[in-house]
Amino acid sequence: MSSDTGFLYPFLEAEERDADRLLADLAESARAKAAESAALRRRTLAECAGLIETAAAEMARRFAAGGRMYVFGNGGSATDAATLAALFARPPAAEPAAEGVRPLPAWSLAADEAVVTALGNDVGFDLIFSRQLIARARDGDIAVALSTSGNSADLTTALAEARRRGLYTIGFAGYDGGAFAAEGTVDACFVVRSQSVHRIQESQALLGHRLWAAVQRHLAARHNGGGPR
C-alpha cells in the first residue's frame, strides 16, 4: 500500500501474514467506521431538525407556486446532486409514504457534460453553474449546492447568483460550513461537523432524504387543506 492510503488500513502494511487475523482486523475496521457514521448521522439529524422543517416549508411553498429546483456539486458531490435531484423528480414507488408522494421539477446542473465542459472551456470553470442559473432559473426557484468543504468557488459563485435572482438557496457542507456558512448567500446551510469526507457525504445523503420527505409532508398538508406550512 502507498503512504497516501496506508493510514486507512495500517494493519495491512504490517508484517502480519495471518489471513484470519487480517480478516478480523478488516471486519473490526468496517464495524468501527459504520458505528462512527451512524453516530454522526444521528447527531447531524438532531442538530438540523429545525432547519429541515424551516427549509422544507419554504421549498414546499415555492414548489406549490410553480418553482423549480436546481442542484449542483463537484466530483462525488455531483453524483450526490444527481441522486437528490432524481429523488425529487422521480420518487421511488417503494417509499413508505409513496401514496400521495408527487414528482417535483428538479434538475442536476452537473448532469449535462456537454454544457458543463463547454462552459468550463469557454468562460471558466468557476462559472459552470452560475451561467446555467442565469439561463434557466427565475425568481421563486430553489438552488441547492452540495460540497464537503463549503468553499468551492464555482458553488459559491452560483449561490451568489441564485440569491441575486430571488432563488431560495440551500447549502450542504462539512467541517465548519466554510464559505457556505460564512458568506451570507445561503438561506439554509446544513453543516455536517466532521473532518472525514466519507462520513460527511454519508450524512448529507440522509439529510437530503429527510429534507425531501419533509417537503412532501408540507405539500400534502397544503393539498389536504392544512393551509400554508
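Check the entry above for the structure.
Residues numbered from 1 in each chain as written. Predicted model: local features only at pLDDT ≥ 70, side-chain atom pairs only at ≥ 80, totals over all residues. Heavy atoms only, no water.

### Observations concerning the overall build of the chain
Phase 1: Regarding its fold elements, the chain presents seven helices and five strands.
Phase 2: Counted from the first residue to the last, the chain has its helices and strands arranged as α-β-α-β-α-α-β-α-β-α-β-α.
Phase 3: Residue burial in the chain is summarised as follows: out of 229 residues, 43% are buried.
Phase 4: If you take every contact in the chain between residues at least 6 apart in sequence, the share linking residues at least 24 apart comes to 67%. (Helix = DSSP H or I, 4+ residues; strand = E, 2+ residues; numbered from the N terminus. Buried < 20%, exposed > 50% of the residue type's maximum accessible area, 1.4 Å probe, protein only. Contact = heavy atoms within 4.5 Å.)

### What to know about the packing of helix H2 (residues 76–89) against helix H7 (residues 197–223)
Phase 1: Running from N to C, H2 and H7 point in directions that differ by 20 degrees, and their axes come no closer than 10 Å. Relative to H7, the element H2 lies roughly parallel. Our pair here, H2 against H7, has a crossing hand that is right-handed. In this structure, H2 uses Gly76, Ser77, Asp80, Leu84, Leu87 and Phe88 to contact H7, whose residues at the interface are Gln201, Gly208, His209, Trp212 and Val215.
Phase 2: The residue inventory of the contact of H2 with H7, partitioned by class, reads five nonpolar, five polar and one charged. (Axes fitted to C-alpha atoms, helices over the stretch in contact; angles between N-to-C directions. Parallel < 35°, antiparallel > 145°, perpendicular 65-115°, else oblique. Left-handed = near helix turned anticlockwise from the far one by under 90°. Nonpolar A, V, L, I, M, F, W, Y, C, P; charged D, E, K, R; others polar.)

### Describing the sheet that holds strand S1 (residues 69–73)
Phase 1: Pairing in this open sheet of five strands is parallel, and the strands run S2-S1-S3-S4-S5 from one edge to the other. The sheet is open, and its two borders are formed by strand S2 (106–108) and strand S5 (188–192), each paired with just one other strand. Direction aside, the axes of adjacent strands within the sheet are offset by 15 degrees on average.
Phase 2: Here strand S3 (residues 142–146) runs beside strand S4 (residues 168–174); their pairing, made up of five bridges, is parallel. Bridging from a neighbouring strand, Ile142 pairs with Tyr168 of S4.
Phase 3: The strands touched by helix H1 (residues 19–64) are S1, S3, S4 and S5; relative to S5, the strand with the most contacts, the crossing angle is about 160 degrees. (Pairing = 2+ DSSP bridges.)

### Some thoughts on the nonpolar core
Side chains of a nonpolar character, in soluble globular proteins, are inclined to be buried together.
Phase 1: Of all hydrophobic cores here, the largest spans 34 residues; its most connected members are Met59, Phe88, Ile170 and Phe190.
Phase 2: Contributions of two or more residues to this core are made by H1, S1, H2, S3, S4, S5 and H7.
Phase 3: Looking at this core, the element that brings in the most residues is H1, giving nine residues.
Phase 4: Ile170 has contacts with Met59, Ile142, Ala143, Val144, Ala145, Leu159, Val186, Ala188, Phe190 and Leu211, leaving out every residue within four places of it along the chain.
Phase 5: In terms of nonpolar packing, the next biggest core, distinct from the first, is built from 21 residues, Phe72, Leu109, Leu133 and Val191 among them. (Core = buried A, V, L, I, M, F, W, Y, C linked by side-chain atoms within 4.5 Å.)

### A closer look at the packing of aromatic side chains
Phase 1: Considering all chains together, one arrives at four aromatic pairs under this definition.
Phase 2: A ring pair is formed by Tyr70 and Trp107, whose centres lie 5.7 Å apart and whose planes are at 25 degrees; its orientation type is stacked. Residue Tyr70 is found in strand S1, and its partner Trp107 is found in strand S2; the two are separated by 37 residues along the sequence. (Phe/Tyr/Trp six-rings, centres within 6.5 Å; stacked < 30°, edge-to-face > 60°.)

### Remarks on the pattern of salt bridges
Phase 1: Following the criterion strictly, the structure yields 12 salt bridges and no others.
Phase 2: Its salt-bridge partner being Asp25, residue Arg21 comes within 3.8 Å of it at the nearest N-O pair. Of the two residues, Arg21 and Asp25 are both situated in helix H1; the distance of four residues between them amounts to about one turn of the helix.
Phase 3: Judged by its relative accessible area of 48%, Arg21 is partly exposed.
Phase 4: Of the charged contacts, one joins Arg164 and Glu161 as a salt bridge, the two residues approaching to 2.7 Å between their closest N and O atoms. Highlighted residues: Arg164 and Glu161, both in helix H5 (residues 153–164), separated by three residues, approximately one helical turn.
Phase 5: If you follow the salt bridges from partner to partner, you end up with Glu36, Arg199 and Glu202 in one network. (Salt bridge = Lys/Arg side-chain N within 4 Å of Asp/Glu carboxyl O.)

### As for H5
Every α-helix carries 3.6 residues per turn, so stepping three or four residues along brings you back to the same face.
Phase 1: Given a rise of 1.5 Å per residue, 12 residues ought to cover 16 Å, and the 17 Å separating the end C-alpha atoms of H5 matches this to within 8%.
Phase 2: All of the buried residues along H5 are Asp154, Leu155, Thr156, Ala158, Leu159, Ala160, Glu161 and Ala162.
Phase 3: Its buried side turned inward, H5 meets S1, helix H4 (130–136), S3, S4 and helix H6 (178–182).
Phase 4: Downstream of H5 by a residue or two, Gly166 has a phi angle that is positive, lying close to 85 degrees. (Expected span 1.5 Å × (residues − 1).)

### Focus on the pairing of S4
It is a general feature of regular strands that their side chains alternate between the two faces of the sheet.
Phase 1: With seven of its seven residues buried, S4 lies for the most part within the structure.
Phase 2: Burial along S4 is two-sided: the face carrying Tyr168, Ile170, Phe172 and Gly174 and the face carrying Thr169, Gly171 and Ala173 are both buried.
Phase 3: Crossover handedness for the path S3 to H5 to S4: right-handed.
Phase 4: Bridge count between S4 and S5: five bridges; the pairing is parallel. Looking at S5, one finds that Gly174 is bridged to Val192. (Right-handed = clockwise from strand over helix to strand, strands pointing away.)

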